[in-house]
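Summary of the model geometry
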Amino acid sequence: MNKYRLWAIVACALSLAVLPSCKSDLLDLKPIDHYGTNNYWNNHAQVEANYQALNSILRGNYSVFRTYGELRAGTMKFTVSATGESQANVEIKQSILDADRAGVSNWGGLYGDLLHINLFIKKVETQCPFLSDAERKVYLGKAYGIRAYIYFVLYKSYGGLVIETEPRVAEEGITDPTSYHKARSSAEETLAFIKKDVEKSSELLGSSPWTGVKTEWTRGATELLKAEVYLWSAKVTTGDHTATGETELRKAKTTLEGIVSSNAFKLEDEFSANFNAKKKNGQEMILNLYFDRQEATNDYGHYMYQNRLFVGSARDKDGVLFPGDTLKALSTGILYNEYKPSFVASFDEDDTRRSASFFEFTVGTPGKLLPGSVFLKYQGQVYSDNAHIYDSNIVLYRYADVLLLLAEVKNALGEDPSTEINLIRKRAFGKKFTGHEFVSGDFAANELAILKERDHEFAGEYKRWYDLLRLQDASKQPLVFSAAAAYSDDHLAGAAPTPILKTTERQKLLWPVDRTVLNNDPLIKQTEGY
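What comes next is a walk through the structure. Remember, predicted model here, so these are calculated numbers, not experimental data. (Residues numbered from 1 in each chain as written. Predicted model: local features only at pLDDT ≥ 70, side-chain atom pairs only at ≥ 80, totals over all residues. Heavy atoms only, no water.)

**Points about the overall build of the protein**
The secondary structure content of the protein amounts to 18 helices and six strands. Over its C-alpha trace the protein gives a radius of gyration of 24 Å, about what one expects of a compact globule, namely 24 Å for 530 residues. Along the longest, intermediate and shortest principal axes, the C-alpha atoms of the protein span 80 × 55 × 50 Å. A buried classification covers 55% of the 530 residues belonging to the protein. (Helix = DSSP H or I, 4+ residues; strand = E, 2+ residues; numbered from the N terminus. Rg over C-alpha atoms; globule rule 2.2 N^0.38 Å. Buried < 20%, exposed > 50% of the residue type's maximum accessible area, 1.4 Å probe, protein only.)

**Structural notes on the packing of aromatic side chains**
Going through the model one piece at a time under the given rule, you end up with 38 aromatic pairs. Seen from their ring centres, Tyr68 and Tyr158 are 5.8 Å apart, and the 80 degrees between their planes marks the pair as edge-to-face. Of this pair, Tyr68 sits in helix H3 (residues 62-69) while Tyr158 sits in helix H6 (residues 133-158), placing them 90 residues apart in sequence. What makes Tyr158 buried here is its relative accessible area of 2%. (Phe/Tyr/Trp six-rings, centres within 6.5 Å; stacked < 30°, edge-to-face > 60°.)

**Quick notes on the environment of His116**
Considering the arrangement of structural elements, one finds His116 in helix H5 (residues 110-126). Taking the C-alpha atoms as reference, His116 lies 9.0 Å from Ile57; in sequence the two are 59 residues apart.

**Quick word on the pairing of strand E3 (residues 368-375)**
Where strand E2 (residues 358-365) and E3 come together, eight bridges link them in antiparallel fashion. Bridging across to E3, Thr362 finds its partner in Pro371. The turn linking E2 back onto E3 is made up of two residues, and Gly367 within it adopts a positive phi angle of 95 degrees. (Pairing = 2+ DSSP bridges.)

**Examining empty space enclosed by the protein**
Under the definition given, this model contains three cavities of 30 Å³ or more. In this structure, the largest cavity spans a volume of roughly 210 Å³. Every residue lining the largest cavity is counted, 17 residues in all, and those nearest its centre are Lys156, Glu228, Tyr462, Lys463 and Tyr466. By residue number, the principal contributor to the lining of the largest cavity is H6, which donates four residues. (1 Å grid on protein atoms, 1.4 Å probe; cavity = no way out; pocket = protein on both sides within 12 Å on 5 of 7 lines; lining within 4 Å. Points joined across faces, edges and corners; volume = space filled by probe spheres on them.)

**Side note on the packing of H5 against H6**
H6 packs onto H5 with a crossing angle of 155 degrees between their chain directions and a minimal axis gap of 10 Å. With respect to H6, the axis of H5 lies roughly antiparallel. For the pair H5 and H6, the crossing hand works out as left-handed. Along its contact with H5, which presents Leu110, Tyr111, Leu114, Ile117, Asn118, Phe120, Ile121, Val124 and Glu125, the element H6 presents Arg136, Tyr139, Leu140, Ala143, Tyr144, Ile146, Arg147, Ile150, Tyr151 and Leu154. Partitioning the contact of H5 with H6 into residue classes produces 15 nonpolar, one polar and three charged. (Axes fitted to C-alpha atoms, helices over the stretch in contact; angles between N-to-C directions. Parallel < 35°, antiparallel > 145°, perpendicular 65-115°, else oblique. Left-handed = near helix turned anticlockwise from the far one by under 90°. Contact = heavy atoms within 4.5 Å. Nonpolar A, V, L, I, M, F, W, Y, C, P; charged D, E, K, R; others polar.)

**Thoughts on the pairing of strand E6 (residues 394-398)**
Of all five residues in E6, five are buried, a share of seventy percent or more. Sheet topology note: the strand E1 (residues 285-289)/E6 ladder contains four bridges and is antiparallel. Across the sheet, the residue bridging to Asn288 is Val395, located in E6.

**Describing the side chain of Thr362**
For Thr362, the location among the structural elements is in strand E2. Polar contacts involving the side chain of Thr362 include one to the main-chain carbonyl oxygen of Asp316, which spans 2.9 Å. If near-sequence neighbours (up to four positions away) are discounted, Thr362 is found in contact with Ser313, Ala314, Arg315, Asp316, Lys317, Leu369, Leu370, Pro371 and Gly372. (Polar contact = N/O pair within 3.5 Å; in protein donor to acceptor, adjacent residues only side chain to side chain.)

**Structural notes on the nonpolar core**
Tyr68, Tyr149, Ile150, Leu154 and Trp217 are the most contacted members of the largest nonpolar core, which has 141 residues in total. The element best represented in this core is H6, accounting for 14 residues. (Core = buried A, V, L, I, M, F, W, Y, C linked by side-chain atoms within 4.5 Å.)

**Here's the deal with the pattern of salt bridges**
Inspection of every chain in the model, using the stated rule, returns 42 salt bridges. Across the salt bridge formed by Glu199 and Lys226, the nearest N and O atoms sit 3.4 Å from each other. In this pair, Glu199 is assigned in helix H8 (residues 187-204) and Lys226 in helix H9 (residues 219-235), connecting sequence segments 27 residues apart. A relative accessible area of 25% places Glu199 in the partly exposed class. On the basis of relative accessibility, which here comes to 12%, the residue Lys226 falls in the buried class. With a shortest N-O distance of 2.9 Å, Glu408 and Lys235 are connected by a salt bridge. Of this pair, Glu408 sits in helix H14 (residues 399-412) while Lys235 sits in helix H9, and the two are 173 residues apart along the sequence. (Salt bridge = Lys/Arg side-chain N within 4 Å of Asp/Glu carboxyl O.)

**Here we look at the packing of H9 against helix H10 (residues 246-262)**
Between H9 and H10, the least distance of the axes is 8 Å, while the angle of their chain directions is 160 degrees. Judged by the angle between their axes, H9 and H10 are roughly antiparallel. Crossing handedness for the pair H9 and H10: left-handed. Every residue of H10 that contacts H9 at Glu223, Leu224, Lys226, Ala227, Tyr230, Leu231, Ser233, Ala234 and Lys235 is listed here: Glu248, Leu249, Lys251, Ala252, Thr255, Leu256 and Ile259.

**Observations concerning helix H2 (residues 44-60)**
Along its 17 residues, H2 runs 24 Å from first to last C-alpha, staying within 8% of the 24 Å computed at 1.5 Å per residue. When H2 is considered as a whole, its buried residues turn out to be Gln46, Val47, Ala49, Asn50, Tyr51, Ala53, Leu54, Asn55, Ser56, Ile57, Leu58 and Arg59. Measuring from the side-chain oxygen of the N-cap residue of H2 to the backbone nitrogen of Ala45 gives 3.1 Å; that N-cap residue is Asn43. (Expected span 1.5 Å × (residues − 1).)

**Here's the deal with the environment of Leu54**
Inspection of the secondary structure assignment puts Leu54 in helix H2. Along the sequence, Leu54 and Leu335 sit 281 residues apart, while their C-alpha atoms lie 32 Å from each other. Look past the residues within four positions of Leu54 in its chain and what remains in contact with it is His116, Ile117, Phe120, Ala143 and Ile146.

Coordinates in, geometry out; function isn't part of it.
Here is the structure:
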């Protein structure tokens, strides 16, 4: 089920909620309002349904978040899979972007969803007199948090944005489309707006529980977003925004330490527990997106081997043929997205995250074996009726991120990040931790180590592209320009890794805006450099 079907279900539920109780009321029914601007804000049930629709916006956009945060990160193949399938999104994976190849069209479709969020905020702020002050605060705190999250994704991707806070399209009759034209604000103005939203969310949720339903926005999600925003602002220069440094680093640190001291979250004993489709929403989870066989499934069948190409051809690392359909892909898989062998091989053999993140196989003949892999985190489960269903929840935030962001903040402040990194490594290596301890070095060495730790901890969790822009070398340049942060396209042939971006491609730190958007609104200017 996609987000549009979910909106239809919400609308149906709301229409049932407002059915009249007597025949005379039938004469007073108003026309159906697609955006719910008039009829769907009359009681608690309707407000709650509209709030749940905001959570569905996050779920409906997981593939957009993946495109912005993961595909350009240099860890995925862009030719063919080990079993011969052409790879998807190859231009994006190689950062082949220009004014004619924007990679993503129409801002990923996120402005349409921001319209719904803006409508929710306006209605709950100005109407709904049946809500108590406490209820209003919680609803608004969550809505401001979700809006800040989406704007922050767009800011990290484009810099200055069109800032829209009013649901004009939903409330006004559109007679002149040109009246809706609006220019992009500067990067500094955009980031200031995001900070204002996340601070408002933090204030409104300040007396709420840190956690709750882990497939919904919570205070914990707001606080982690707040820390991310200030860490980004402190380290990353974008357009007219100059990295602010220590003041906002300390603000990020205070926020992260607040999450730690809340004791609301802790690491799972086993890394793989975070991705168990049969036991979701564990103690480490802060926010994940809900998927279920009966409601909505994810698209990670495109990260699974194709059965007819696997069975009878795939071998283990020693060259022994697998006896059959090892992962019970059945007829569901096609390997359009495979991670580079060099990336998989970068995980230590003792690191339990390797086998939890990847199923490794080889193809070819003994002595001439080529490696392949299937990404495991979101592969769902096989049910008793022998159906493979991709119903894993998609992780946006978990507690491990708090620890590694805190390590990064400490490193930027000249402090020792060892404690947090070793908490992550101890879980990863378990009984084999001895010999894998992290020992702090200089700033640049620690930044690279933090990146590699995040690579292994958050593989496939939509974070690496942003990590490459935020983490830095000794000259404070982003690691996206560093060969040390890259993975070889063909390490078996001895090819050395090359930087994901050349220093002559600085415009590619951000994404171009597609021509359709530019043609439809002459006030919107192209991202600088494109």
